[in-house]
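Reading the structure
Chain residues, written in single-letter form:
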Amino acid sequence: MIVTIDGPAGAGKSSAAHRLADRLGYRFLDTGAMYRAITYAGLQHGIDLTDEKALLQVALASEIQLAGDKIVLDEVDITNAIRTFEITTLTRHAADNRAVREHLTQLQRQFAAESKQTGQGIVTEGRDQATVVFPDAECKIYLTASEQARAQRRYEDLLNRGEQVDYTGVLEKQRHRDQQDLNRKVGGLALTNESIEVSTDDMTPDQVVDALEKIVRDRQ
Ligand code: C5P
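Residues numbered from 1 in each chain as written. Predicted model: local features only at pLDDT ≥ 70, side-chain atom pairs only at ≥ 80, totals over all residues. Heavy atoms only, no water.

In terms of regular secondary structure, the chain is built from 10 helices and 8 strands. For 220 residues, the compact-globule estimate of 2.2 N^0.38 gives 17 Å, and the C-alpha radius of gyration of the chain, at 17 Å, lies within 12% of that figure. For the chain, the spread of C-alpha atoms along the three principal axes comes to 50 × 45 × 30 Å. Among the 220 residues that make up the chain, the fraction classed as buried is 50%. Relative to all contacts within the chain whose residues are 6 or more apart in sequence, the contacts with residues 24 or more apart total 76%. Looking at charge distribution, the chain has the averaged site of its 27 positive side-chain charges lying 2 Å from that of its 35 negative ones. (Helix = DSSP H or I, 4+ residues; strand = E, 2+ residues; numbered from the N terminus. Rg over C-alpha atoms; globule rule 2.2 N^0.38 Å. Buried < 20%, exposed > 50% of the residue type's maximum accessible area, 1.4 Å probe, protein only. Contact = heavy atoms within 4.5 Å. Lys, Arg positive; Asp, Glu negative; His and termini not counted. Charge placed at Lys NZ, Arg CZ, Asp CG, Glu CD.)

What follows covers the packing of helix α2 (residues 31-44) against helix α6 (residues 98-117). The geometry of α2 relative to α6 is characterised by a closest axis approach of 11 Å and an angle of 135° between their N-to-C directions. Here α2 is positioned oblique relative to α6, judged by the angle of their axes. In this structure, α2 crosses over α6, and the sense of that crossing is right-handed. Contacts from Thr31, Met34, Tyr35 and Ile38 of α2 reach α6 at Val100, Arg101, Leu104, Leu107 and Gln108. Residue composition of the contact of α2 with α6, grouped by class: 6 nonpolar, 2 polar and 1 charged. (Axes fitted to C-alpha atoms, helices over the stretch in contact; angles between N-to-C directions. Parallel < 35°, antiparallel > 145°, perpendicular 65-115°, else oblique. Left-handed = near helix turned anticlockwise from the far one by under 90°. Nonpolar A, V, L, I, M, F, W, Y, C, P; charged D, E, K, R; others polar.)

With that out of the way, let us pick up helix α10 (residues 205-219). The end-to-end C-alpha separation of α10 is 22 Å, in line with the 21 Å expected for 15 residues at 1.5 Å each. Of the residues making up α10, those classed as buried are Val208, Val209, Leu212, Glu213, Ile215 and Val216. For α10, the angular spread of the buried residues around the axis is 160°, confining them to a single face. The outward face of α10, more than 90 degrees from its buried face, is lined by the exposed residues Lys214 and Asp218. Where α10 is buried, its residues meet β1 (2-6), α1 (13-24), β7 (139-144) and β8 (196-199). (Expected span 1.5 Å × (residues − 1). Arc of directions from axis to C-beta.)

All right, on to the packing of aromatic side chains then. Within the structure shown, the criterion is met by 1 aromatic pair. For the pair Tyr155 and Tyr167, a centre-to-centre distance of 6.0 Å together with 85° between the ring planes defines the contact as edge-to-face. Linking Tyr155 in helix α8 (residues 147-160) with Tyr167 in helix α9 (residues 167-183), this pair joins segments that are 12 residues apart in sequence. One residue, Arg27, lies across the ring of Phe111, its end atom 4.0 Å from the ring centre. (Phe/Tyr/Trp six-rings, centres within 6.5 Å; stacked < 30°, edge-to-face > 60°. Lys NZ or Arg CZ within 6 Å of the ring centre and 35° of its normal.)

Let us now look at the nonpolar core. Ranked by size, the top nonpolar core spans 29 residues in total, and within it Ile38, Ile64, Ile71, Ile78, Ile82, Val100 and Leu104 carry the most contacts. Going through the elements one at a time, α2, α3 (52-61), β4 (70-73), α5 (92-96) and α6 are the ones with two or more residues in this core. No other element matches the 7 residues that α2 contributes to this core. Not counting residues up to four positions away in its chain, the partners in contact with Ile71 are Ala33, Ala37, Ile64, Gln65, Leu66, Val76, Asp77, Ile78, Thr79 and Ile82. (Core = buried A, V, L, I, M, F, W, Y, C linked by side-chain atoms within 4.5 Å.)

The phi torsion at Asp74 lies on the positive side, around 45°, for a residue other than glycine. Residue placement: Asp74 occurs in the loop between β4 and β5 (76-77). We note that Glu75 has phi near 70°; this positive angle belongs to a residue other than glycine. Structurally, Glu75 is set in the loop between β4 and β5. Judged by its relative accessible area of 67%, Glu75 falls in the exposed class.

The next subject is the UniProt feature "binding site: ATP" (unreviewed entry) in the chain. Here the UniProt feature "binding site: ATP" (unreviewed entry) sits at Gly7, Pro8, Ala9, Gly10, Ala11, Gly12, Lys13, Ser14 and Ser15. With a relative accessible area of 3%, Ala9 lands in the buried category. With sequence-adjacent residues up to four places away left out, Ala9 is seen in contact with Arg127, Arg150, Arg154, Gln174, Arg177 and Asp178. Apart from residues no more than four positions distant in its own chain, Lys13 is found in contact with Ile5, Asp6, Gly7, Pro8, Glu125, Gly126, Arg127 and Leu143. At 3.0 Å, the side chain of Lys13 and the backbone oxygen of Gly7 are in polar contact. (UniProt positions renumbered as here; feature names shortened; annotations may be inferred. Polar contact = N/O pair within 3.5 Å; in protein donor to acceptor, adjacent residues only side chain to side chain.)

Structure, rendered in structure tokens:
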């Protein structure tokens, strides 16, 4: 089974999707991490991220490995390095680049095909998983939360990483990113008719995973 979990930034998709995959014995795919990894690679190569052709070349030349909860780029572990405020802000260039999106879409479908061959389902998390990448997915979930709850989560996360940020700045950047995600012409964030919406505002992380597991098990 392919389980897609789409939704806005900061709704807690990554950790919920990861834990859900563990419970189901499925493989987990963090597609936001792939866009972040391409951004990181672009900075490493010193290219102008707004140069669409140059960024595509970097994407095509990069090897992204998703090993459990680790993200490895050309054999270097970049799991933490891609979670900074800087990478978060700059990733819009990779996300807005249609050729990069097409390339990552292929890699995501390849991940699903390989998993199918070994008899494993996947839980995939992002913005366009139900709409563009896996329109035929058996289970589509839209995970969301109020903008205050999402900004608070992101703010605490950045503080824990030792970054100097203020809540208002995080909230403003998030509003900006929400607009970018919703208005992106290809791969923009959208709720499909088949998606089940889960709002995590009044739920603990455990309750979120329980709710998601129930949704999937009801469809198995
Ligand atoms: O989910 P995460 O915050 O890690 O995503 C990083 C960026 O990549 C987001 O700003 C989002 O716009 C973009 N993204 C995307 N399509 C996806 C996953 C993420 O455009 N499937």
